[in-house]
Amino acid sequence: MSPTLFRRLMNLWPPFFFNSIKITHISDDWSAVTVRLKLRPWNRNYVKTQFGGNMFAMTDPFWMLLVMHQLGRDYYVWDKAGAIEFVAPGREDVYAHFVLDEATVASLRQQAASGEKVLRWFDVDVTTAQGEVVAKVRKQVYIRLKNNLREGK
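The structure presented is a predicted model; accordingly, all values stated were derived computationally and were not measured. (Residues numbered from 1 in each chain as written. Predicted model: local features only at pLDDT ≥ 70, side-chain atom pairs only at ≥ 80, totals over all residues. Heavy atoms only, no water.)

Student: Help me out: how do you make sense of unusual backbone geometry in this one?
Tutor: Working note: non-glycine residues mostly have negative phi, and peptide bonds are mostly trans. Backbone geometry at S20 places phi at a positive 65°, although glycine is not the residue there. You can see S20 is positioned in the loop between α2 (14-17) and β1 (21-26). Residue class for S20 comes out buried when judged on its relative accessible area of 12%. At K48, a residue that is not glycine, the phi angle is positive and equals roughly 70°. (Helix = DSSP H or I, 4+ residues; strand = E, 2+ residues; numbered from the N terminus. Buried < 20%, exposed > 50% of the residue type's maximum accessible area, 1.4 Å probe, protein only.)

As structure tokens, this is what we get:
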């Protein structure tokens, strides 16, 4: 699936659409994604700021997806764990920008070459348009070379 089609479909996906989460950009090579969470009356928390669950949801699938598309079909790629630290109240729209560089992809390939599982933590900040950090999100991604491609199999 092309990044453009994926972006369009994900923006219609009910958990994103009804919570005002929108993918604003996916690079053609799946190395970068930008996501926006609009602050709306229906997605505010009790104190009228961004609901933390939505901030986590806006970041949830993207490290796994970027790694999956960069590594290709020869690898199993799964989300393993996640954590969020709230830094400041989100009183406006917030953004997350994910960038997966070539050096990280090469390192993951090298680590997974033996067939052992690789667990890698990725970080992304949720920020305002002015760059103020509202939350810090960590996701752990599981990577493993598929069985039929491992040495000795």
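Student: Would you take a moment to explain the nonpolar core for this structure?
Tutor: Soluble globular proteins tend to pack their nonpolar side chains together in the buried interior. By size, the foremost hydrophobic cluster in this structure holds 38 residues, and its most contacted members are I23, F98 and I143. A per-element tally of this core places helix α4 (residues 62-71) first, with 7 residues. Each residue touching F98, except ones within four places of it in the same chain, is listed here: S31, A32, V33, V35, M58, T59, F62, W63, L66 and V124. (Core = buried A, V, L, I, M, F, W, Y, C linked by side-chain atoms within 4.5 Å. Contact = heavy atoms within 4.5 Å.)

Student: Can you walk me through the sheet that holds strand β5 (residues 118-127) in this structure?
Tutor: Whether parallel or antiparallel, the strands of a sheet pair through hydrogen bonds between backbone atoms. Overall, antiparallel pairing links the 6 strands, which are arranged β1-β2-β4-β5-β6-β3 in an open sheet. Each of the sheet's edge strands pairs with one partner strand only, and the pair in question is β1 and β3 (75-86). Going across the sheet, the axis of each strand differs from the next one's by a mean of 25°, ignoring polarity. Two strands pair when backbone bridges link them, and strand β2 (residues 32-37) and strand β4 (residues 94-99) are joined in this way by 6 bridges, in the antiparallel orientation. For L37, the partnering residue across the bridge sits in β4 and is V94. Against the sheet, α4 makes contact with β1, β2, β3, β4, β5 and β6 (133-145), and its axis sits at roughly 155° relative to β3, the strand it touches most. Along the sheet face, helix α5 (residues 102-112) touches β3, β5 and β6 and points at about 155° away from the line of β5. (Pairing = 2+ DSSP bridges. Axes fitted to C-alpha atoms, helices over the stretch in contact; angles between N-to-C directions.)

Student: Would you explain the environment of T104 in this entry?
Tutor: Take T104: it is sitting in helix α5. For T104, a relative accessible area of 13% translates into the label buried. For the pair formed by T104 and V67, sequence separation is 37 residues and the distance between their alpha carbons is 9.4 Å. Those residues in contact with T104, other than ones at most four positions away along the chain, are R120 and F122.

Student: I tried to follow the pairing of β2 on my own but got confused; where do I start?
Tutor: Side-chain direction in a regular strand flips from residue to residue, so the side chains alternate between the two faces of the sheet. Among the 6 residues of β2, 6 are classified as buried, and the element is accordingly described as predominantly covered. Of the two faces of β2, the one holding A32, T34 and R36 and the one holding V33, V35 and L37 are both buried throughout. Where β1 and β2 come together, 5 bridges link them in antiparallel fashion. Residue I23 lies in a different strand from β2, and its bridge partner there is V35. Between the antiparallel neighbours β1 and β2 lie 5 residues, among them W30 with a positive phi of about 60°.

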